[in-house]
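Analysis of the macromolecular model
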Amino acid sequence: MAEESNDLFGKMLKGGTIDNSDPQMYRLWEAVAKTIELSAALNTSVNIDEIRERLSELTGKQIDLSTIVFIPFYTNFGKHITIGKSVFINHACSFLDLGGITIEDNVLIGPKVNLITENHPVNPAQRKSLVLGSIRIKKNAWLGAGVTVLPGVTIGENAIVAAGAVVTKDVADNSVVGGVPAKLIKSIEEAE
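Basis of the calculations
- Residues numbered from 1 in each chain as written.
- Predicted model: local features only at pLDDT ≥ 70, side-chain atom pairs only at ≥ 80, totals over all residues.
- Heavy atoms only, no water.
- Pairing = 2+ DSSP bridges.
- Helix = DSSP H or I, 4+ residues; strand = E, 2+ residues; numbered from the N terminus.
- Expected span 1.5 Å × (residues − 1).
- Buried < 20%, exposed > 50% of the residue type's maximum accessible area, 1.4 Å probe, protein only.
- Contact = heavy atoms within 4.5 Å.
- Polar contact = N/O pair within 3.5 Å; in protein donor to acceptor, adjacent residues only side chain to side chain.

Attention now moves to the sheet that holds strand β11 (residues 130-132). Pairing between the strands of a sheet is mediated by backbone hydrogen bonds and can be parallel or antiparallel. Taken together, the three strands give an open sheet; going across it, the order is β1-β11-β10, and neighbouring strands pair in antiparallel fashion. Each of the sheet's edge strands pairs with one partner strand only, and the pair in question is β1 (16-18) and β10 (118-119).

Structure, rendered in structure tokens:
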């Protein structure tokens, strides 16, 4: 899929507002229809290898054999998801990835985690437009059960996000955050 700057999908990865009247918006709806079809097949997989194979098709990127994803798994697009090596994604996660989601190596993602790269303008006249911001989950981060990460957020290396937290701003490396909105609880002291 072309990611040129004037291409709808390239503009999405750059972030910012995509007007609902964009003449290429029909391409998004075509892609979403295909994602719905692929998601149905993914969520009827019968083993981890089949899940990897179907998720690779859905994302358009090979999922490494060291990565484990449990179903059900939900996404509205899929092609803007990148998953590293030795990643574990638990049941019932939802990744809205139009703005781009990058999950680096050795990340743990608990059940029912929501990674949301999409928002809408406050102005009611523009509400159907998209406001996009990418999400990056850095190496060795751990997102507890039911965490929600909002658009434009980076979760730092080795960071822990406590169960149920809503993350609205970047999380520093080697820190533990929790709450709604998530706030610093403590720093992780490096093991010797």
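Attention now moves to helix α3 (residues 48-59). Its 12 residues place the ends of α3 16 Å apart at the C-alpha level, agreeing with the 16 Å of an ideal helix rising 1.5 Å per residue. Here α3 has its buried residues at Glu 50, Ile 51, Arg 52, Leu 55, Ser 56, Leu 58 and Thr 59. Elements in contact with the buried residues of α3: α2 (25-42), β2 (68-69), β3 (73-75) and β4 (81-83). Capping of α3 at its N-terminal end is provided by Asn 47; its side-chain oxygen lies 3.1 Å from the backbone amide nitrogen of Asp 49. Directly beyond the C-terminal end of α3, a positive phi value near 75 degrees is found at Gly 60.

With that out of the way, let us pick up the environment of Lys 85. If you trace the backbone, Lys 85 turns up in the loop between β4 and β5 (88-89). Distance from Lys 85 to Asn 106, taken between C-alpha atoms, is 6.3 Å for residues 21 residues apart in sequence.

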